[in-house]
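Residue strings, one per chain:
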Amino acid sequence: MSKEIGCSKRTLQRRFKNYLNKAPTFQIKRNLNCYLVIDGTYFKGDLCLVLYYDTEIKYSQLYRFSDKERYVQIKEDLDNIKRLGIVIAAITCDGNKAILKAIRNSCPDVMLQRCLVHIHRESNIWLRQKPVNQHSVELKKIVNQLFQVKQHNDKLEWITMFTNWYDKNITYINEKKSNPETGRWWYRHKNLRRAAVMIKRAIPDMFRFLEDPKIPKSTNNIESFFGHLKDTLSIHRGLSHKNRRAFIQWYLHLKNRNRK
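Because the structure is predicted, anything quoted here is derived from the model rather than measured.

Calculation criteria
Residues numbered from 1 in each chain as written. Predicted model: local features only at pLDDT ≥ 70, side-chain atom pairs only at ≥ 80, totals over all residues. Heavy atoms only, no water. Salt bridge = Lys/Arg side-chain N within 4 Å of Asp/Glu carboxyl O. Buried < 20%, exposed > 50% of the residue type's maximum accessible area, 1.4 Å probe, protein only. Phe/Tyr/Trp six-rings, centres within 6.5 Å; stacked < 30°, edge-to-face > 60°. Helix = DSSP H or I, 4+ residues; strand = E, 2+ residues; numbered from the N terminus. Pairing = 2+ DSSP bridges. Axes fitted to C-alpha atoms, helices over the stretch in contact; angles between N-to-C directions. Contact = heavy atoms within 4.5 Å. Core = buried A, V, L, I, M, F, W, Y, C linked by side-chain atoms within 4.5 Å. Polar contact = N/O pair within 3.5 Å; in protein donor to acceptor, adjacent residues only side chain to side chain. Patch = residues over 30% accessible without salt bridge, like charges linked within 9 Å, V, L, I, M, F, W, Y side chains within 5 Å. Areas by Shrake-Rupley, 256 points an atom, 1.4 Å probe, with all protein chains shown as cover. Parallel < 35°, antiparallel > 145°, perpendicular 65-115°, else oblique. Left-handed = near helix turned anticlockwise from the far one by under 90°. Nonpolar A, V, L, I, M, F, W, Y, C, P; charged D, E, K, R; others polar.

Let us now look at the pattern of salt bridges. Tallied over the full model, the rule gives 10 salt bridges. We note a salt bridge from Arg208 to Asp205, for which the minimum N-O separation is 3.2 Å. Using a relative accessible area of 12% as the deciding quantity, one classes Asp205 as buried. Measuring nitrogen to oxygen at the nearest pair gives 3.4 Å for the salt bridge that ties Arg208 to Glu211.

This is the structure in structure tokens:
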């Protein structure tokens, strides 16, 4: 590169350093019909990036650096987004408790869509690739039919199928085991119960995309965005914590600029 533009490597390094020391100011783009996807991703050094991506205009409306996805911060971000003139039509997110709580308290009237890919992936992790327990086999079969829901009748059929399975196996799901010496107890079928309870709680917000086709049914678009960001950042593995943050800011800024 130094040969192509006719300057020394040291000059290039100084220029790059100046860029990283002057990260651009982020700008929100006013949108009266915003379909928001919220997700967080983690980098080395306890660095968490929470991104608020507008799929309607393909624009990152806001971001926050933190050490984890925190309720107070996410609620503050959502309040600020609304205060700056963005009208949120719907929000898609995974099952992170902090994000869910922030949405319910900041945007109680906004449609919430739970990420179907996350529900499918987490359920299959807990149920294992090849479950031997018949209850787990049955639930895994139901979960794997999740992406076949394309219209309202499919939704009713899937919910009925899951509800019938849940009601039939409720005693088994809640079966407990205890230690008489310590008095402590735990659920005997922990992973099966985790999958079943997660799905049961998510059902009211799993199929909002059927009410409005603009609502993303998953956070895949933002996860692929994160993947490309991390691949690009990995080329510059020697960056300090401060410069890594600045690099991410420049990346988000340039991606947004290309959307204008």
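We are not done yet, so read on.
A word on the packing of aromatic side chains. All told, the structure shown has 10 aromatic pairs when counted by the stated rule. Judged by centre distance (4.7 Å) and plane angle (85 degrees), the rings of Phe26 and Tyr63 are edge-to-face. Here the residue Phe26 occupies a position in the loop between helix 2 (9-21) and strand 1 (34-43), and Tyr63 occupies one in strand 3 (residues 59-66), the gap between them amounting to 37 residues. Judged by its relative accessible area of 16%, Tyr63 falls in the buried class.

On to the pairing of strand 7 (residues 184-187), then. Bridging between strand 6 (residues 176-179) and strand 7 involves four bridges; their strand directions are antiparallel. Paired with Ser178 across the strands is Trp185, a residue of strand 7. Once strand 6 ends, the chain turns through four residues before running back antiparallel as strand 7, passing Gly183 with a positive phi of about 80 degrees.

We now examine the sheet that holds strand 1. Strand order in this open sheet of five strands is 3-2-1-4-5, and the pairing throughout is mixed. Of all the strands in the sheet, just strand 3 and strand 5 (111-114) have a single pairing partner and so form its edges. Taking the axes of each pair of neighbouring strands and ignoring which way they run, one obtains an average angle of 20 degrees across the sheet. Both strand 4 (residues 88-93) and strand 5 contribute to a ladder of four bridges, which runs parallel. When the bridges of strand 5 are listed, Cys93 appears paired with Arg114. Here helix 11 (residues 241-257) sits on the sheet in contact with strand 1, strand 2 (47-54) and strand 3, set at roughly 170 degrees to strand 3.

A general tendency of soluble globular proteins is for nonpolar side chains to be buried together. Ranked by internal contacts, the top residues of the largest apolar core, which has 30 residues, are Leu139, Trp158, Phe162, Trp165, Ile199, Met206 and Phe207. For this core, the leading source of residues is helix 9 (residues 190-202), giving seven residues. Residues within four places of Trp165 in sequence aside, it is in contact with His135, Glu138, Leu139, Ile142, Ile173, Leu192 and Ala196. Membership of the second largest hydrophobic core comes to 22 residues, among which are Leu36, Ile91, Cys107 and Leu112.

So, on to the side chain of Asn169. Within the element layout of this structure, Asn169 appears in the loop between helix 7 (152-168) and helix 8 (170-173). A distance of 2.7 Å separates a polar side-chain atom of Asn169 from the backbone oxygen of Trp165. In this structure Asn169 touches His135 and Glu138, once residues within four positions along its chain are discounted.

Here we come to a nonpolar patch on the surface. Taken together, the side chains of Met1, Ile5, Phe16 and Tyr19 define a hydrophobic patch exposed on the protein surface, amounting to about 470 Å² of accessible area. Ile5 gets classed as partly exposed once you look at its relative accessible area, which sits at 48%.

On to the packing of helix 10 (residues 220-234) against helix 11. Remark: helix 10 packs on helix 11, axes separated minimally by 11 Å, with the N-to-C direction vectors making an angle of 130 degrees. Considered as vectors, helix 10 and helix 11 are oriented oblique to each other. As for the relative orientation of helix 10 and helix 11, their crossing is right-handed in sense. Contact residues: helix 10 offers Phe225, His228, Leu229, Thr232 and Leu233, while helix 11 offers Arg244, Phe247, Ile248, Tyr251, Leu252 and Lys255. Here the residues of the contact of helix 10 with helix 11 sort into seven nonpolar, two polar and two charged.

The buried fraction of strand 2 amounts to eight of the eight residues, a majority that puts the element mostly inside the structure. Neither face of strand 2 is exposed, since Leu47, Leu49, Leu51 and Tyr53 on one face and Cys48, Val50, Tyr52 and Asp54 on the opposite face are all buried. Looking at chain direction, strand 1 and strand 2 are connected through eight bridges and run antiparallel. Bridging from a neighbouring strand, Leu36 pairs with Asp54 of strand 2. Two successive antiparallel strands, strand 1 and strand 2, enclose a turn made up of three residues, where Gly45 displays a positive phi of approximately 85 degrees. In this structure, strand 2 lies alongside strand 3, joined through seven bridges in antiparallel fashion. Paired with Asp54 across the two strands is Tyr59, which belongs to strand 3. Linking strand 2 back to strand 3 in an antiparallel pair, the connection comprises four residues, with Lys58 at a positive phi of about 50 degrees.

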